[in-house]
Amino acid sequence: MSIEFDFEELKAADRLPSPPGVALSILQLVEREDADLDELANLVQADPALSARLLKFANSPLVAPVRPIVAVKEAVARIGMNGVRNLVLGLSLVGHYRTGECEGFDYPRFWAGSLAQGVAAALLVKHWRLAAPEECFTVGLLADIGRLALATAWPGEYADCLRQAGERNLTELERERFTIDHRTLTGLLLHDWRLPTVFIEALQHSHKPPPQPGDRPARLAWVFALSRLVQRWCLAEPEARPEIQAALEKPLQRALPELEIEEFLSQNETEWHAWGKLIEIPTRFPKKSKPAGKRNPATHAKEELPGLKILLVDDDAMLLLRLGKQLKQAGHQVETVKDGKAALKKILESPPQLLITDWHMQPMDGLTLCRTLRDSPLGESIYLIMLTASETEDDLVRAFDAGIDDYVTKPVSLRVLLARIKSAQRIVSLQMALAKEHAALEQRAKELELLNRKLEQLAHTDVLTGLPNRRYAIERLNQELAESRRSGRPVSVMILDLDHFKRINDTLGHEAGDRVLVHAARILRETLRSCDVACRFGGEEFLVIAPDTDSHDGKQLAERLCRAIAANQPELPLPAPLTVSIGLATASPDEDPKTLIHHADKALYHSKEQGRNRVTAAA
Ligand SMILES: Nc1nc2c(ncn2[C@@H]2O[C@H](COP(=O)(O)OP(=O)(O)OP(=O)(O)O)[C@@H](O)[C@H]2O)c(=O)[nH]1
């Protein structure tokens, strides 16, 4: 049975991928006409991970800056408002949809592939000098987002599709099931996220690019077609790569004759791994197992659990050579050194998951090596297997006391060693799963913290004017009064009330009234000093808290506000020029907020009575 696809309905139900937290605020900011780069940089800085990614991009060979860019502000200025917006969009989606419910959808591999495609697209447009690399990086990164969207909206049904996809074409299956395929859905999402149409069209054409990369649209279509091939090359196992490279050679030659393909692919791979590391997307996958055939003990291990990074330590060169080779054949990455000291040096450079060490070696023996490792945070989690010629109770107890997890007696039987390594693989897999869970929890905690900050900000903000609201005003006034008591410095407050505001509502309507309130709030913000705080206190009333301000300075400040409102009229056919009446009160020692506001209110009443558009200071 097929599902009727409805983009708007799914979007409204929050069932499609969408950018989270800070990214959303950034997208909203860029939509605003008065958005500026400083404000954008501040928002980016609120998210350390995002800042790091943006700096990495600004300094990467994809952009190749003349000199290193070290500050987020500089990176934002270099990449530009729209570039930052699009990068943030892409990168935030990667972070947010690392896992999901669709069985059979390989989320890490999906993002690793997307990342490869983004990097390749950016490098290609840079070599071709076709467009801004940041735009192409984002579109490349999201080139297959329709697949993730289907897996997110219908995890169960999409898992079925993926199961059948071995026998049938995936896009056909998708159309049957969902009345839409992932390519079309990718286009819809990219349009919805307002990525530039020229790239979206190029992406759609890239599935069947024009025969010649002639004009700019055709070249862009080629960029995405080629970057898809580079993605396949990156994800392929070593033995499958030459075939893909051969398929890439001709079109790449035609498009960019001066490009050295080996160098280009190696640059892609380096950048891809570097990005993977930065945004914590694995870009190295365990070798896939071959179809079941005749097994030997050396290949048995790699079919069930991922291979380990092993450091083998022994002073017997022949044993190192033989065992090293056999363990590599079993699917592990193996390095070898000949004593404990050399092992420590190697571990410092790049810690293994499993250490297999001989006992008796010079200058440092295996027992000392294990003890040293267990005493340091670096060696705490390495699985240790000791190769020993002795099986006496005393020796074994000493070895376990030194921190080993297991032992194998010499001469080493490969079967026994592989069986013991399997235990290590299980433990390492569990450790990795735990670390992943821990990272996911940390990420979740960060998101919650951000959300809380946002909620707190919302609870303190007036939606119409963007000024702090009454609740904030009272809290802040309490703080300022306490500070004034401590420091002995004066604090003044003023209540401002727009004159004859009701008439504006009555003649021009409530909406025009709202615009006048927004306008007045802006004038207040622009006229006040940076230490003053303007809040919306109620309907057409504002409260200004002026710290370190006595009644004389307070009066001057209030009069300046009065003049500023009268001098900057909103562009509306108002029944009378906009003016404001102000009541000012300066706190005496130990004054409480309620009394202070009451005094300012009384002074305001006096200003109104005396004919409005004026300031009265409380007696
Ligand atoms: N448009 C708009 N009007 C509001 C809002 N909050 C309060 N008001 C209106 O503000 C008007 C306040 O009117 P009044 O308190 O009678 O005073 P006024 O017309 O400003 O006259 P004076 O204060 O005596 O100069 C009322 O008509 C409220 O409905 C708002 O958020 N938007």
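Numbering of residues starts from 1 in each chain and follows the order in which that chain's sequence is written. Local features in this predicted model are restricted to residues of pLDDT 70 or higher, and side-chain atom pairs are both shown and tallied only at a pLDDT of 80 or more, whereas totals for entire chains, interfaces and linings draw on every residue.

As recorded by an unreviewed UniProt entry, the protein carries the name diguanylate cyclase and is attributed to Methylomarinovum tepidoasis. On record in UniProt, under Catalytic activity (unreviewed entry), the comment for the protein is "2 GTP = 3',3'-c-di-GMP + 2 diphosphate". UniProt annotates the protein under Cofactor (unreviewed entry) with the comment "Mg(2+)". UniProt positions are given in the numbering used here, feature names are shortened, and annotations may be inferred rather than shown by experiment.

Visitor: Sorry, what's going on with the site of the ligand here?
Guide: By nearness alone, 16 residues border the ligand, and Asp-499, Phe-501, Lys-502, Gly-513 and Gly-539 come closest of all. Starting at the N terminus, helices and strands are each numbered in turn, a helix being any DSSP run of H or I of at least four residues and a strand any DSSP run of E of at least two. For the shell around the ligand, the elements supplying multiple residues, two or more each, are strand S6 (491–498), helix H24 (501–508) and helix H25 (510–527). Looking at which element gives the most residues to the shell around the ligand, the answer is H25, with four residues. Residue polarity is assigned by list, with Asp, Glu, Lys and Arg as charged and Ala, Val, Leu, Ile, Met, Phe, Trp, Tyr, Cys and Pro as nonpolar; anything else, Gly included, falls into the polar class. In the shell around the ligand, the residues fall into four nonpolar, five polar and seven charged. Near, for a residue, is defined by distance from a backbone-placed C-beta atom to a molecule or strand, with 6 Å as the limit that must not be exceeded.

Visitor: Would you explain the UniProt feature "coiled-coil region" (unreviewed entry) in the protein in this entry?
Guide: On the UniProt side, "coiled-coil region" (unreviewed entry) is annotated at positions that read residues 431–461 here. Along residues 431–461, the helical share is 94% and the strand share 0%, with 45 Å between the first and last C-alpha atoms.

Visitor: Teacher, can you tell me more about the environment of Leu-89 here?
Guide: Checked against the element boundaries, Leu-89 lands in helix H6 (residues 81–96). In sequence terms Leu-89 and Leu-27 are 62 residues apart; their C-alpha atoms lie 7.7 Å from each other. What counts as a contact is two residues whose backbone-derived C-beta atoms lie within 7 Å of each other. Every residue in contact with Leu-89, bar those within four places of it in the chain, is listed here: Pro-19, Ala-23, Leu-27, Thr-138 and Trp-193.

Visitor: Can you help me understand the nonpolar core in this one?
Guide: Generally speaking, a soluble globular protein has its nonpolar side chains buried in company with each other. In this usage, the nonpolar core is the set of buried Ala, Val, Leu, Ile, Met, Phe, Trp, Tyr and Cys residues whose C-beta atoms join them within 7 Å. For the exposure call, what matters is how many other C-beta atoms sit within 10 Å of a residue's own: 20 or more marks it buried, 12 or fewer exposed, and in between partly exposed, using C-beta atoms placed from the backbone. Counting 81 residues, the largest nonpolar core has Ala-121 and Val-223 as the members making the most contacts within it. Element by element, the count of residues in this core is highest for helix H7 (residues 107–128), at 12 residues. Ignoring any residue separated from it by four or fewer positions in sequence, one finds Ala-121 in contact with Cys-136, Phe-137, Val-139, Gly-140, Val-223, Phe-224 and Ser-227.

Visitor: How should the pairing of S6 be read in this particular structure?
Guide: Along any regular strand, the residues point their side chains to alternate faces of the sheet. The element S6 is extensively covered by neighbouring structure, given that eight of its eight residues are classed as buried. The two faces of S6 match: Val-491, Val-493, Ile-495 and Asp-497 on one face and Ser-492, Met-494, Leu-496 and Leu-498 on the other face are all buried. Here S6 pairs with strand S8 (residues 541–547) via seven bridges, running antiparallel. Following the sheet pairing, Met-494 is matched in S8 by Val-544. The pairing of S6 with strand S9 (residues 580–586) spans seven bridges and is antiparallel. Following the sheet pairing, Asp-497 is matched in S9 by Ser-581. In short, DSSP must find at least two bridges between two strands for them to pair.

Visitor: Explain the sheet that holds strand S10 (residues 615–617) to me, please; I cannot follow it from the model alone.
Guide: Two strands in a sheet stick together by hydrogen bonds in their backbones, pointing the same way (parallel) or opposite ways (antiparallel). Spatially, the five strands line up as an open sheet ordered S7-S8-S6-S9-S10, and their pairing is mixed. Only two strands of the sheet have a single partner each, and these edge strands are strand S7 (533–538) and S10. Across the sheet, the mean angle from the axis of one strand to that of its neighbour is 20°, orientation sign disregarded. Lines fitted to C-alpha atoms define the axes, with helix axes restricted to the stretch in contact, and inter-axis angles between N-to-C directions lie between 0 and 180 degrees. Seen against the sheet, helix H23 (residues 470–487) touches S6, S7 and S8 and runs at an angle of roughly 135° to S7. Together, S6, S8, S9 and S10 form the strand contacts of helix H26 (residues 551–567), whose direction differs from that of S9 by roughly 165°.

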